[in-house]
Amino acid sequence: MARATHTTVDGSTVTLDGPVDLAAAVTSSIRYDDTSVVRELTTAPVTAMDALPYVVDEEYTYRGGSLRIGHRDEADPAIGTRRRDTFAVWRGSVHALLLVEAEATGDALIAVLDRLTLTEWPTGLAVEADGLVPATTRLVKEIPGVGLAEVAPLVPEVAQGLPRWAGTEVTGGELYRDEARPGAPVLVLVGDTASTTLLLDGDGREADEATVLAAELVVTWTAPG
């Protein structure tokens, strides 16, 4: 059995145990409501953030790391609209934070970042601020042989969207099988502290094999503090 431990953007600890290689990096996101607008904050490895398709306009030394301000233009020729998305990427030693807002100025995004407390750990980057919505925290990770896993804390806001019937009992709790859309099999693993949605890589025989592996997966979510 392999084990991986990650720190989510809200400072929670997510541990995955399973019969496959769990070394893949993760991204984590959370909604941030600062009373004027609800934004999404995303953390990921610096290498992943550096691969994002945007133009870097400015770069500064900022709070123990570096801050890049940039933009990406989006156009829809069908309806003749254009939009400029402004990017702010704080880069630490290993992990980074992304904030994107349409038609925003770099100064406006820096003002948002100024209100956040950033703490980098070997296992991830944690953010503290008034206005974070912990129930919206998600962690996304590729699991070989299974597919893309999205992990959420098993809080009431998440639990109310889960099936009301009993699933198949497995090592990590209860396992449900469904389709996200026709031909796109999905599994939901519900444990004591986490709900993990698994968008499977294949269908038919591959999905059956992924289900066998998922049945041995154990996911644990521990809130900060």
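Here we summarise the structure given alongside this text. (Residues numbered from 1 in each chain as written. Predicted model: local features only at pLDDT ≥ 70, side-chain atom pairs only at ≥ 80, totals over all residues. Heavy atoms only, no water.)

**Looking at the overall build of the protein**
In step 1: From N to C terminus, the protein includes four helices and 17 strands.
In step 2: Within the protein, counting contacts between residues at least 6 apart in sequence, those at least 24 apart form 49% of the total.
In step 3: Looking at the protein as shown, the accessible area adds up to about 11500 Å², and 52% of this sits on carbon and sulfur atoms. (Helix = DSSP H or I, 4+ residues; strand = E, 2+ residues; numbered from the N terminus. Contact = heavy atoms within 4.5 Å. Areas by Shrake-Rupley, 256 points an atom, 1.4 Å probe, with all protein chains shown as cover.)

**Quick look at the environment of Ala-149**
In step 1: Its place among the elements puts Ala-149 in strand β12 (residues 147-153).
In step 2: Beyond its immediate chain neighbours, meaning those up to four positions away, Ala-149 contacts Leu-139, Val-140, Lys-141, Ile-143, Thr-196, Thr-197 and Leu-198.

**Brief notes about the pattern of salt bridges**
In step 1: Counting across every chain of the model gives 11 salt bridges.
In step 2: Note that Asp-50 and Arg-91 form a salt bridge whose closest N and O atoms lie 3.0 Å from each other. Here Asp-50, found in helix α1 (residues 46-50), pairs with Arg-91, found in strand β7 (residues 81-91); they are 41 residues apart in sequence, far enough to count as distant.
In step 3: Judged by relative accessible area, Asp-50 falls into the partly exposed class, the value being 36%.
In step 4: The buried category is assigned to Arg-91, whose relative accessible area is 16%.
In step 5: Where Asp-208 meets Arg-177, a salt bridge forms, and the shortest distance between an N and an O atom there is 3.0 Å. On the criterion of sequence distance, the pair formed by Asp-208 in helix α4 (residues 205-214) and Arg-177 in strand β14 (residues 173-181) is long-range, its members being 31 residues apart.
In step 6: Owing to a relative accessible area of 46%, Arg-177 belongs among the partly exposed residues under this scheme.
In step 7: Salt bridges linked by common partners bring Asp-34, Arg-39, Glu-101 and Arg-115 together as one network. (Salt bridge = Lys/Arg side-chain N within 4 Å of Asp/Glu carboxyl O. Buried < 20%, exposed > 50% of the residue type's maximum accessible area, 1.4 Å probe, protein only.)

**Considerations on the environment of Glu-179**
In step 1: The residue Glu-179 is located in strand β14 in this model.
In step 2: With a relative accessible area of 45%, Glu-179 lands in the partly exposed category.
In step 3: Sequence separation between Glu-179 and Leu-200 is 21 residues; the distance between their C-alpha atoms is 9.6 Å.

**Description of helix α2 (residues 106-114)**
In step 1: Looking at α2, one finds that the buried residues are Gly-106, Leu-109, Ile-110, Val-112 and Leu-113. Seen from one end, α2 has its buried residues packed into an arc of 155°, which puts them on one side.
In step 2: As for α2, its buried residues are in contact with β3 (26-33), β4 (38-45), β5 (55-62), β6 (65-76), β7 and β8 (95-102). (Arc of directions from axis to C-beta.)

**Observations regarding the side chain of Thr-196**
In step 1: For Thr-196, the location among the structural elements is in strand β16 (residues 194-200).
In step 2: Sequence-distant contacts of Thr-196, that is, excluding residues within four places in its chain, are made with Ala-149, Glu-150, Val-151, Leu-187, Val-188, Leu-189 and Val-219.

**Comments concerning the sheet that holds strand β2 (residues 13-18)**
In step 1: Strand order in the open sheet formed by three strands is β1-β2-β17, with antiparallel pairing between adjacent strands. Two strands lie at the open edges of the sheet, namely β1 (2-7) and β17 (218-222), each paired on one side alone. Across the sheet, the mean angle from the axis of one strand to that of its neighbour is 15°, orientation sign disregarded.
In step 2: Pairing geometry for β1 and β2, over six bridges, is antiparallel. Within β2, the residue paired with Ala-4 across the bridge is Leu-16. (Pairing = 2+ DSSP bridges. Axes fitted to C-alpha atoms, helices over the stretch in contact; angles between N-to-C directions.)

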